[in-house]
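Chain by chain, the residues run as shown.
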Amino acid sequence: MARDDEAPEKVRLLAIGAGRMGGALIQGWLDAQIDAEITAIDPALSELEYSRLESAGVQFAEGPEDLHGQFDAVVLAVKPQVLREVAGPYKRATEGALVISIAAGIRIATLEGLLGPKTAIVRAMPNLPAQVGMGVTAYFPNARVNLTHMELTERLLSAVGTTIAVTAEDQFDAVTAVSGSGPAYVFLLCEALENAAMEAGLDPEAAQILARATVAGSGGLLGMTEEDASFL
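Residue numbering note: each chain is counted from 1, following its sequence as written. Residues qualify for local features only when their pLDDT is at least 70, as the model is predicted, and side-chain atom pairs are given and counted only at 80 or more; totals for whole chains, interfaces and linings, by contrast, use all residues. As a convention, hydrogens and water are excluded, and side-chain values are obtained from all of the structure's heavy atoms.

**Student:** A description of the pattern of salt bridges should follow, citing residues and the corresponding values.
**Tutor:** When a carboxyl oxygen of Asp or Glu lies within 4 Å of a side-chain nitrogen of Lys or Arg, that pair is called a salt bridge. This model, assessed by the stated rule, comprises six salt bridges. Between R52 and E49 there is a salt bridge whose closest N-O contact spans 2.7 Å. Pair noted here: R52 and E49 are both in helix α2 (residues 47-55), with a separation of three residues, about one helical turn. The cut-offs for exposure are 20% and 50% of the maximum accessible area for each residue type, with area from a 1.4 Å probe on protein chains only; residues under the lower value are buried, those over the upper are exposed, and the others partly exposed. Taking relative accessible area as the criterion, R52 reaches 35% and is therefore assigned partly exposed. Across the pair R212 and E194 runs a salt bridge whose closest N-O atoms are separated by 3.9 Å. Placement of R212 in helix α8 (residues 204-224) and of E194 in helix α7 (residues 182-199) is noted, with a sequence separation of 18 residues between them. Numbering goes from the N terminus for both helices and strands, where a helix is a DSSP run of H or I of at least four residues and a strand is a run of E of at least two.

**Student:** Mind laying out unusual backbone geometry, listing which residues take part and the relevant values?
**Tutor:** Here Q33, not a glycine, exhibits a phi torsion of approximately 55 degrees, which is positive. One can find Q33 in the loop between α1 (20-31) and β2 (36-41). Looking at Q33, the relative accessible area reads 70%, which means it is exposed.

**Student:** Residues and numbers for the side chain of D42, please.
**Tutor:** Relative to the helices and strands, D42 resides in the loop between β2 and α2. Under this rule, positive means Lys or Arg and negative means Asp or Glu; His and the chain ends count for nothing. The buried charged residue D42 lacks any salt bridge partner; its closest oppositely charged side chain belongs to K79, at an N-O distance of 9.1 Å. Side-chain atoms alone can form a polar contact between residues adjacent in sequence; in general such a contact is a pair of N or O atoms within 3.5 Å, and within protein one must be able to donate a hydrogen while the other accepts it. Within the local environment of D42, its side chain forms a polar contact with the backbone nitrogen of G19, the two atoms lying 3.3 Å apart. Two residues qualify as a contact provided that any one of their heavy atoms is within 4.5 Å of a heavy atom in the partner residue. Contacts of D42, omitting those with residues within four sequence positions, involve G17, A18 and G19.

Quick look at the structure:
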């Protein structure tokens, strides 16, 4: 433990997967200037994205054999269908760490079965606007998660937007319906507004500007007021 006159050690973070959501989280940590040593693993990452993140200070490893020391938090940002094959090789990297899984649909019981019942695990679901720092992430911890873990979870997830701790894991079904699928309905509304504008005689460029600005501005207004949406 650092003395009062010493700077605290950097948080060691490992992101297994740096694609759309994993990359959004990493960028959020960089933008929030979290004092962290970030390591990422993603063999499918484009050369351009690899170079961009590396130049920002992110370290890359090719596989579990390249990882050394203990991590404070490990984020599993891989597709649900490959999580089982990833969990085995990286189990050692998760020892003693807080594990945050954003693999959609994978329950904590499954994660405990893969990583061990003593692992501190948080199941989380960020949504698409996390890519621009305006997402909302619901999360639920298992019984091994302590106050320090919760504080770290908040720091890491709030870097890409709003966070909310749900009180039961079964609530993720509702979370998926509202915030997980919600952006698709907003995009559909925007598309419908664009089409209606063109049918009313506006050219495509004007229709797009009006529709997108209307949706984005309305969302911004909702985010800045405590009024019930039905009163606006």
